[in-house]
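# Summary of the model geometry
Chain by chain, the residues run as shown.
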Amino acid sequence: MRVLIGALGLAMLAGCTTSPVSSGKAKAAPSDRVIYQPPAHAGSSITVTRDKGWIAGGGCYVGVLIDGKLAARLATGETVTFRVSEGRHILGMSGDPMGNGLCGLEIGQSIKESSADLKEGESQRFRISGDTNSGLD
């Protein structure tokens, strides 16, 4: 009986994390949820992929920000590529700023940010993942 309870507990914990999905296998975010407008000279790129899973608001979109402005809203298992100019950019994520009900909340966290310093023609990839302890990262 203890083994059965332990196995059930492990199975429940396994369902509480996201599963990585490569940007090549993820679905492209629909154009109606991509707000970002690339600058005239955009020779570099940033790709953001959100893992699959229902942890930390998996039923809600996550807002992806570039330099403090909403760039896209991603569902689980989706990816988006932004054409950007060379130089330093601040990439952030937050709860869905356009969501209703519980999806309008910050998904239990404030905006998380990271910087990307790109050279002309360079591409960088970022992943949104999560678990029950840290939420989305």
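Right, let's walk through the structure included here. It should be emphasised that the depicted structure is a prediction, and the values quoted were computed from it without experimental measurement.

By secondary structure assignment, the location of Gln124 is in strand 8 (residues 123–128). According to the relative accessible area criterion, Gln124 is buried, its value standing at 19%. Counting along the chain gives 76 residues from Gln124 to Val48, while the straight-line C-alpha distance between them is 8.8 Å. Residues contacting Gln124, with those up to four places away along its chain left out, are Ser45, Ile46, Thr47, Ala116, Asp117 and Leu118. Looking at Gln124, its side chain comes within polar contact range of the main-chain oxygen of Asp117, at 3.2 Å.

Applying the stated rule across the entire model yields one aromatic pair. Ring geometry for Tyr36 versus Phe82: centroids 5.3 Å apart, planes at 75°, classification edge-to-face. Taken together, the residues span a long stretch of sequence, with Tyr36 in the loop between strand 1 (27–28) and strand 2 (44–50) and Phe82 in strand 5 (residues 78–84) at a distance of 46 residues. Relative accessible area serves as the criterion here: at 1%, Phe82 is assigned to the buried category.

Ranked by internal contacts, the top residues of the largest apolar core, which has 17 residues, are Ile46, Val48, Val64, Leu74, Val80, Phe82 and Ile128. Sorting the residues of this core by element identifies strand 2, strand 3 (62–66), strand 4 (69–74), strand 5, strand 6 (87–95) and strand 7 (112–118) as the ones contributing at least two each. The residues contacting Phe82, other than those within four sequence positions of it, are Val34, Tyr36, Ser44, Ser45, Ile46, Val48, Val64, Ile66, Ala71 and Ala72.

Conventions adopted
- Residues numbered from 1 in each chain as written.
- Predicted model: local features only at pLDDT ≥ 70, side-chain atom pairs only at ≥ 80, totals over all residues.
- Heavy atoms only, no water.
- Helix = DSSP H or I, 4+ residues; strand = E, 2+ residues; numbered from the N terminus.
- Buried < 20%, exposed > 50% of the residue type's maximum accessible area, 1.4 Å probe, protein only.
- Contact = heavy atoms within 4.5 Å.
- Polar contact = N/O pair within 3.5 Å; in protein donor to acceptor, adjacent residues only side chain to side chain.
- Phe/Tyr/Trp six-rings, centres within 6.5 Å; stacked < 30°, edge-to-face > 60°.
- Core = buried A, V, L, I, M, F, W, Y, C linked by side-chain atoms within 4.5 Å.

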